[in-house]
Amino acid sequence: MNARQPEQLPLTRSSVLAAHDVIKSRAHRTPIFTSSSLSAGITAGNNLYFKAENLQKGGAFKFRGASFNLSRLSHEELQRGVCTHSSGNHAGALALAAKERGIKCFVVMPSNSSQVKIDAVRSYGAEIMFCEPNAPARAATLAMVQARTGATFIPPYDAINTILGQGTAFLELSEQVPEKLAAVITPVGGGGLLAGTALAAEGTGVRVFGAEPAGADDCARGLEEGKRREDVDANTIADGLRTPVGVLNFPIIQEKVERVIVVSDEEVIEAMRLLWERLKLVVEPSSATAFAAVRNPAFRELGIKGPIGIILSGGNVDMSKPLPWVVL
């Protein structure tokens, strides 16, 4: 089950710039939101700028990486279609990107995937194959799909073109804000968005941070231990972050990210509530993790002076269920 990455680009800021040139006609240039009350809640009085990737096509930043991956495939590969395994936003993003190009998409989803995300993938015309909710089952089912279809595997986070595509969100953020950012923070699960952001910020003087829930803090622990952790025993409301950081992603984060801030689910829920209430934005728990980290004492103790960019990664929420602060 090899991920095909034709004509690989180097993992550099210039490659992120090249990726943006390719996908900017397909991806939304999502807006920036501000809130004086949310900014005032930060001890240092930093201006906060929220990049609303929840308003991206497919409801998440993942469309960027999916779209760039497809742009790198040959005509023959596109004709055979693409495939992936995902329980959520990457599945929807790839299905939508494939639909826009008129090609086939095959998605392996765990049997416990949320219904709203299953419905989204189906609505974009992808063929879904279900499997048991574990990594070996995902891999085995995907291998069968590839053998049957000849489709090219598009990885959700652990691939060069995926990382480069996700980094384009920071490029736009840095152009859209009216003042130079002092720092930027993104959630981290597999690490595509954080690694891409770190590459895009290279040489700009912007400090890069990640945010991770305590119930899935393999990246933060790996940084402390000096090596990537292979598995994550995830127990968090932030379902989009329940995955180990990628093999390619971890060394980028290790070298270029200053710190990954760990927050509790209670902090995530409160941050999510504030974003819904003050910005009037539908964001999912994974997305709220970055704002939760900025409000955390560990981040405040860093003493960052100046504007902070926060990438809101997605907004695919199952509206048939009670909102988490209501349950809490």
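Computed from a predicted structure; not experimentally measured. (Residues numbered from 1 in each chain as written. Predicted model: local features only at pLDDT ≥ 70, side-chain atom pairs only at ≥ 80, totals over all residues. Heavy atoms only, no water.)

(A) Structural context of the packing of helix 1 (residues 13–23) against helix 9 (residues 168–176). Contact geometry for helix 1 and helix 9: axes closest at 9 Å, N-to-C directions at 85°. On the basis of their axis angle, the class for helix 1 and helix 9 is roughly perpendicular. Between helix 1 and helix 9, the contacting residues are Arg13, Val16, Leu17, Ala19, His20 and Ile23 on the first element and Thr168, Leu171 and Glu172 on the second. Class assignment of the residues belonging to the contact of helix 1 with helix 9 gives a composition of 5 nonpolar, 2 polar and 2 charged. (Axes fitted to C-alpha atoms, helices over the stretch in contact; angles between N-to-C directions. Helix = DSSP H or I, 4+ residues; strand = E, 2+ residues; numbered from the N terminus. Parallel < 35°, antiparallel > 145°, perpendicular 65-115°, else oblique. Contact = heavy atoms within 4.5 Å. Nonpolar A, V, L, I, M, F, W, Y, C, P; charged D, E, K, R; others polar.)

(B) Quick look at the domain arrangement of the chain. Taken domain by domain, the chain comprises domain 1 (13–61 + 159–312) and domain 2 (63–153). The C-alpha-based centres of domain 1 and domain 2 are spaced at 24 Å. In terms of surface lost to domain 2, no three residues of domain 1 exceed Arg26, Lys57 and Asn161, which account for 35% of the buried area on that side. Linking domain 1 to domain 2 there are 5 salt bridges. When residues of the side of domain 1 that touches domain 2 are assigned to their parent elements, the largest contribution, 5 residues, is made by helix 8 (residues 160–166). Class assignment for the residues of the side of domain 1 that touches domain 2 results in 8 nonpolar, 9 polar and 7 charged. (Domains from an automatic or database assignment. Buried area = accessible area lost by both parts, 1.4 Å probe. Salt bridge = Lys/Arg side-chain N within 4 Å of Asp/Glu carboxyl O.)

(C) Layout of the sheet that holds strand 2 (residues 48–52). The mixed open sheet is built from 6 strands, whose spatial order is 1-2-10-7-8-9. Two strands lie at the open edges of the sheet, namely strand 1 (32–33) and strand 9 (259–263), each paired on one side alone. Bridge count between strand 1 and strand 2: 2 bridges; the pairing is antiparallel. Looking at strand 2, one finds that Phe33 is bridged to Phe50. Against the sheet, helix 9 touches strand 1, strand 2, strand 7 (183–187) and strand 10 (308–312), its axis set at about 135° to strand 2. (Pairing = 2+ DSSP bridges.)

(D) Summary view of the packing of aromatic side chains. Counting across every chain of the model gives 3 aromatic pairs. Centroid distance Phe50 to Phe291: 5.4 Å. Interplanar angle 80°. Geometry classified as edge-to-face. Pair noted here: Phe50 is in strand 2 and Phe291 is in helix 14 (residues 285–295), with a separation of 241 residues, a long-range link. A single burial state applies to Phe50 and to Phe291, both of which are buried. Geometrically, the ring pair formed by Phe209 and Phe299 is edge-to-face, given 5.3 Å between the ring centres and 75° between the ring planes. In this pair, Phe209 sits in strand 8 (residues 207–213) while Phe299 sits in helix 15 (residues 297–300), placing the two residues 90 residues apart along the sequence. Judged on exposure class, the residue Phe209 and its partner Phe299 are both buried. (Phe/Tyr/Trp six-rings, centres within 6.5 Å; stacked < 30°, edge-to-face > 60°. Buried < 20%, exposed > 50% of the residue type's maximum accessible area, 1.4 Å probe, protein only.)

(E) Structural context of the environment of Lys57. Counting through the fold element by element, Lys57 comes out in the loop between strand 2 and helix 3 (62–71). C-alpha of Lys57 to C-alpha of Gly205: the two residues are 148 residues apart in sequence and 30 Å apart in space. Contacts of Lys57, omitting those with residues within four sequence positions, involve Arg26, His28, Phe63, Leu96 and Glu100. Here Arg26 takes part through its backbone oxygen, which lies 2.5 Å from a polar atom of the side chain of Lys57. (Polar contact = N/O pair within 3.5 Å; in protein donor to acceptor, adjacent residues only side chain to side chain.)

(F) Geometry of the pattern of salt bridges. Under the criterion given, the structure shown has 18 salt bridges. Of the charged contacts, one joins Arg273 and Glu277 as a salt bridge, the two residues approaching to 3.0 Å between their closest N and O atoms. Of this pair, Arg273 and Glu277 both sit in helix 13 (residues 265–279), separated by 4 residues, roughly a single helical turn. Here Glu277 falls in the partly exposed class, since its relative accessible area comes to 35%. Here Glu277 makes a salt bridge to Arg278, at a shortest N to O gap of 3.1 Å.

(G) Structural view of the sheet that holds strand 3 (residues 82–85). The strand order across the open sheet formed by 4 strands is 5-4-3-6, and the pairing between neighbours is parallel. Lying at the two open borders of the sheet, with one neighbouring strand each, are strand 5 (127–131) and strand 6 (152–153). The pairing of strand 3 with strand 6 spans 2 bridges and is classified as parallel. Considered in strand 6, the bridge of Val82 is made with Thr152. Sitting on the sheet, helix 5 (residues 89–101) is in contact with strand 3 and strand 4 (105–110), with an inclination near 170° to strand 3.

(H) Region of interest: helix 6 (residues 115–123). Inspection of helix 6 places Lys117, Ile118 and Val121 among the buried residues, and these make up the whole buried set. Each buried residue of helix 6 lies within a common arc of 105° when the element is viewed along its axis, so the set occupies one face. Considering only its buried residues, helix 6 is in contact with helix 5, strand 4 and strand 5. Within two residues after helix 6, Gly125 carries a phi angle of roughly 90°, on the positive side. (Arc of directions from axis to C-beta.)

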